[in-house]
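This is what each chain is made of:
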Amino acid sequence: MNKINPKKLLRSKWTAVKSINKEKHFLITEVDFDEDGGVILCLLEAIISHRTTDINWHDLKDTEQWLQGWK
């Protein structure tokens, strides 16, 4: 399990264990917080295509899906 601090998500790098649309390397480009400091939006951008998609940031904790950094 990856340990993640929500305040350090922005510009963090991630590698998908299984390719998503033939893409493996991603960057968190936007994180929005509510008044209580909880993450309400997390945008993931593919490095090659610059395609963005929103993701539940808790999914990044699953090491069977995501690895922290670019591997």
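Our subject is the structure listed above.
Residues numbered from 1 in each chain as written. Predicted model: local features only at pLDDT ≥ 70, side-chain atom pairs only at ≥ 80, totals over all residues. Heavy atoms only, no water.

Enquirer: Is there a simple way to explain the side chain of N2 in this structure?
Expert: Structurally, N2 can be placed in the segment before β1 (13-20). Of note is the side chain of N2, whose polar atom sits 3.1 Å from the backbone oxygen of W66. N2 has contacts with W14, L60, K61, T63, W66, L67 and Q68, leaving out every residue within four places of it along the chain. (Helix = DSSP H or I, 4+ residues; strand = E, 2+ residues; numbered from the N terminus. Polar contact = N/O pair within 3.5 Å; in protein donor to acceptor, adjacent residues only side chain to side chain. Contact = heavy atoms within 4.5 Å.)

Enquirer: I tried to follow the environment of L60 on my own but got confused; where do I start?
Expert: For L60, the location among the structural elements is in the loop between β4 (52-54) and β5 (66-68). The residues contacting L60, other than those within four sequence positions of it, are N2, I4, L9, W14, I28, I55 and W66.

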